[in-house]
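Breakdown of the fold
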Amino acid sequence: VCEELDDEFMTKHRTAPDGCTAVVALVTGDRLSLAWLGDSRALLCRTTSQGEVATVPLTMDHRPTIPAEAERVRSAGGDVVNFDG
């Protein structure tokens, strides 16, 4: 589904250097399946034994400032653009 939406978007807006992000979580019984793409993050929030809220990261960032991610994007034919100067 994500690839179809991306293809449709790129057909209409090929000259724009835009992208998309998504996080999809599926809970089946006691199993959590997670997929993510782009600059997205998923966290699991839980209550500790002290009654405080703790977060558990479920994904790793896909950020172009991470050298391996920038290289992956370029190798796939994409561009990495720095809008911060």
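Scroll up to find the structure.
Here the structure is a predicted model, which means the values were calculated and not measured.

**Quick notes on the overall build of the protein chain**
Assigned secondary structure in the protein chain consists of two helices and four strands. Residue burial in the protein chain is summarised as follows: out of 85 residues, 7% are buried. Here the analysis covers contacts within the protein chain between residues at least 6 apart in sequence; of these, 13% occur between residues at least 24 apart. As displayed, the protein chain has an accessible area near 7,300 Å², and 54% of this comes from carbon and sulfur atoms.

**Observations regarding the environment of H62**
Residue placement: H62 occurs in the loop between β4 (53–57) and α2 (67–75). Residue H62 is classed as partly exposed on the basis of its relative accessible area of 23%. With 23 residues separating them along the chain, H62 and D39 place their C-alpha atoms 5.2 Å apart. The residues contacting H62, other than those within four sequence positions of it, are W36, L37, G38, D39 and E69.

**Focus: the pairing of β4**
Examined bridge by bridge, strand β3 (residues 43–47) and β4 share five bridges and lie antiparallel to one another. Bridge pairing in β4 links L44 to V56. Here β3 hands over to β4 after five residues, with G51 in that stretch at a positive phi of 85°.

**Looking at the pattern of salt bridges**
Scanning the model with the defined rule gives two salt bridges in all. Two residues, R41 and D61, come together in a salt bridge whose shortest N-O distance is 2.5 Å. Remark: D61 occurs in the loop between β4 and α2 and R41 occurs in the loop between β2 (31–37) and β3; sequence separation between them is 20 residues. Here E69 makes a salt bridge to R72, at a shortest N to O gap of 2.7 Å. You can see E69 and its partner R72 sitting in helix α2, three residues apart, about one turn around the helix. A residue is classified by how much of its surface remains accessible, and E69, at 12% relative accessible area, is buried.

Parameters and conventions
- Residues numbered from 1 in each chain as written.
- Predicted model: local features only at pLDDT ≥ 70, side-chain atom pairs only at ≥ 80, totals over all residues.
- Heavy atoms only, no water.
- Helix = DSSP H or I, 4+ residues; strand = E, 2+ residues; numbered from the N terminus.
- Buried < 20%, exposed > 50% of the residue type's maximum accessible area, 1.4 Å probe, protein only.
- Contact = heavy atoms within 4.5 Å.
- Areas by Shrake-Rupley, 256 points an atom, 1.4 Å probe, with all protein chains shown as cover.
- Pairing = 2+ DSSP bridges.
- Salt bridge = Lys/Arg side-chain N within 4 Å of Asp/Glu carboxyl O.

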